[in-house]
Amino acid sequence: GNDISNELTAKVGISSVSIENARLNMQTEIGSKTFQDVKQNAENVWNDALSVIEVKLKSEEQKKIFYTALYHTLIVPNIYSDVDGSYTGRDFKVHKSDFDYYTVFSLWDTYRAAHPLYNLIYPEKNVDFVRTMLKQYEQGGLLPVWELSSNETFCMIGYHSVPVIADAMQKGLKGFDYELAYDAMKNSANRNHFGIKQYIERGYISM
């Protein structure tokens, strides 16, 4: 019935590091907040994120389409570090970060338009994306190709971290090591894997 005593509220925390950190994340981010508190906070965060662009369109339907598309650009990458900065790195060891460390770099899908857009409207986020990529290079020896939860899936060709980082550098974004970024990009371009050797020698990859 409508008896409020029949309602059950579940609070969930996740972590790549430990059960204790999952509990800490939940306690820090939710704590004693009610469902309505969390819902309202989510609405506020999304409204702030989407209000970076103000559009004037002929119809509410067009506006809905535009902001739904903008919302879709922000579903991933996801913050992977815990509230205390801990995260599981590409070497599967626990590290601590002083910035938001991310996961889910589906770069084959995002390097052309999504990341250049982030550079323009969410530059501080894209700086953290690049910083994450460079940490993954330092800890795993490779810039992400298609990374998921500290695992390189290699489910696409190429090395599309490079145009993301180069675009951020071209636009003058600060907050990451340009020399390290240059070394990482050269490393990706010169690795002898996934047909790169054939491409360098012939200018194409034969079947």
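See above for the structure.
First, a word on what this report is: a plain description of the structure on this page. Note that this is a predicted model, so its numbers are computed, not measured. (Residues numbered from 1 in each chain as written. Predicted model: local features only at pLDDT ≥ 70, side-chain atom pairs only at ≥ 80, totals over all residues. Heavy atoms only, no water.)

**What to know about empty space enclosed by the protein**
Link 1 in the chain: Tallied over the entire structure, the rule returns 1 cavity of 30 Å³ or more.
Link 2 in the chain: Empty space within the largest cavity amounts to approximately 40 Å³.
Link 3 in the chain: As for the largest cavity, its lining consists of Val 76, Pro 77, Val 104, Phe 105, Ser 106, Thr 110, His 115 and Tyr 118.
Link 4 in the chain: Its residues assigned to classes, the lining of the largest cavity comprises 5 nonpolar, 3 polar and no charged. (1 Å grid on protein atoms, 1.4 Å probe; cavity = no way out; pocket = protein on both sides within 12 Å on 5 of 7 lines; lining within 4 Å. Points joined across faces, edges and corners; volume = space filled by probe spheres on them. Nonpolar A, V, L, I, M, F, W, Y, C, P; charged D, E, K, R; others polar.)

**Structural notes on the pattern of salt bridges**
Link 1 in the chain: One pass over the full model with this rule turns up 8 salt bridges.
Link 2 in the chain: The salt bridge involving Glu 152 is made with Arg 90; its shortest N-O contact spans 3.9 Å. With a gap of 62 residues between them, Glu 152 in strand S6 (residues 151-152) and Arg 90 in the loop between strand S2 (86-88) and strand S3 (94-96) connect regions that are remote in the sequence. Here the two residues Glu 152 and Arg 90 agree in accessibility, since each one is buried. (Salt bridge = Lys/Arg side-chain N within 4 Å of Asp/Glu carboxyl O. Helix = DSSP H or I, 4+ residues; strand = E, 2+ residues; numbered from the N terminus. Buried < 20%, exposed > 50% of the residue type's maximum accessible area, 1.4 Å probe, protein only.)

**Points about the nonpolar core**
Link 1 in the chain: Ranked by size, the top nonpolar core spans 30 residues in total, and within it Tyr 122, Met 133, Leu 134, Leu 143, Ile 165 and Phe 176 carry the most contacts.
Link 2 in the chain: Contributions of two or more residues to this core are made by helix H2 (35-50), helix H3 (60-72), helix H5 (114-121), helix H6 (123-140), helix H7 (161-170) and helix H8 (178-190).
Link 3 in the chain: The element that contributes the greatest number of residues to this core is H6, accounting for 6 residues.
Link 4 in the chain: Setting aside chain neighbours within four positions, we find Phe 176 in contact with Val 127, Val 130, Arg 131, Leu 134, Ile 165, Ala 168, Met 169 and Ala 181. (Core = buried A, V, L, I, M, F, W, Y, C linked by side-chain atoms within 4.5 Å. Contact = heavy atoms within 4.5 Å.)

**Observations regarding the packing of H5 against H7**
Link 1 in the chain: Here H5 crosses H7 at 25 degrees, and the two axes come no closer than 9 Å. Taken as axis vectors, H5 and H7 run roughly parallel relative to one another. Crossing angle aside, the handedness with which H5 passes H7 is right-handed. Judged by residue contacts, His 115, Pro 116 and Asn 119 of H5 engage Val 164, Asp 167 and Ala 168 from H7. (Axes fitted to C-alpha atoms, helices over the stretch in contact; angles between N-to-C directions. Parallel < 35°, antiparallel > 145°, perpendicular 65-115°, else oblique. Left-handed = near helix turned anticlockwise from the far one by under 90°.)

**Overview of the packing of aromatic side chains**
Link 1 in the chain: Counted by the stated rule, this structure contains 8 aromatic pairs.
Link 2 in the chain: With centroids separated by 5.1 Å and ring planes inclined at 90 degrees, the aromatic side chains of Phe 66 and Tyr 67 adopt a geometry described as edge-to-face.
Link 3 in the chain: On the basis of relative accessible area, Phe 66 is assigned to the partly exposed category, the value being 28%.
Link 4 in the chain: A ring pair is formed by Tyr 102 and Phe 129, whose centres lie 4.7 Å apart and whose planes are at 90 degrees; its orientation type is edge-to-face. Highlighted residues: Tyr 102 in strand S4 (residues 102-103) and Phe 129 in helix H6, separated in sequence by 27 residues. Comparing Tyr 102 with Phe 129 shows no difference in burial state: the two are buried.
Link 5 in the chain: Each member of the aromatic cluster is reached from another via a ring pair, and the members are Tyr 102, Phe 105, Tyr 118 and Phe 129.
Link 6 in the chain: Over the aromatic face of Trp 108 sits the side chain of Arg 112, whose NZ or CZ is 5.2 Å from the ring centroid. (Phe/Tyr/Trp six-rings, centres within 6.5 Å; stacked < 30°, edge-to-face > 60°. Lys NZ or Arg CZ within 6 Å of the ring centre and 35° of its normal.)

**Quick word on unusual backbone geometry**
Link 1 in the chain: Between Val 76 and Pro 77 the backbone carries a cis peptide bond, its omega angle lying at -5 degrees.
Link 2 in the chain: The topology assignment puts Pro 77 in the loop between H3 and strand S1 (78-79).
Link 3 in the chain: Residues other than glycine seldom take positive phi values, yet Phe 92 does so here, at roughly 65 degrees.
Link 4 in the chain: Tracing the backbone through its elements, the reader meets Phe 92 in the loop between S2 and S3.
Link 5 in the chain: Taking the relative accessible area as the measure of exposure, Phe 92 reaches 53% and is therefore exposed.

**As for the layout of surface pockets**
Link 1 in the chain: In this structure, the largest pocket encloses a volume near 1,200 Å³.
Link 2 in the chain: Together, 32 residues line the largest pocket, and Glu 29, Asn 41, Val 45, Asn 78 and Ile 79 are the ones closest to its centre.
Link 3 in the chain: Put simply, the parts of the chain that give the lining of the largest pocket at least two residues each are helix H1 (19-29), H2, S1 and H6.
Link 4 in the chain: Considering each element in turn, the lining of the largest pocket owes the most residues, 6 residues, to H2.
Link 5 in the chain: Considered class by class, the residues forming the lining of the largest pocket number 19 nonpolar, 8 polar and 5 charged.
Link 6 in the chain: In this model, the second largest pocket occupies a volume close to 220 Å³.
Link 7 in the chain: Lining the second largest pocket, in full, are Ile 157, Gly 158, Tyr 159, Ala 189, His 193, Phe 194, Gly 195, Ile 196, Tyr 199, Ile 200 and Ile 205.
Link 8 in the chain: The residue inventory of the lining of the second largest pocket, partitioned by class, reads 8 nonpolar, 3 polar and no charged.

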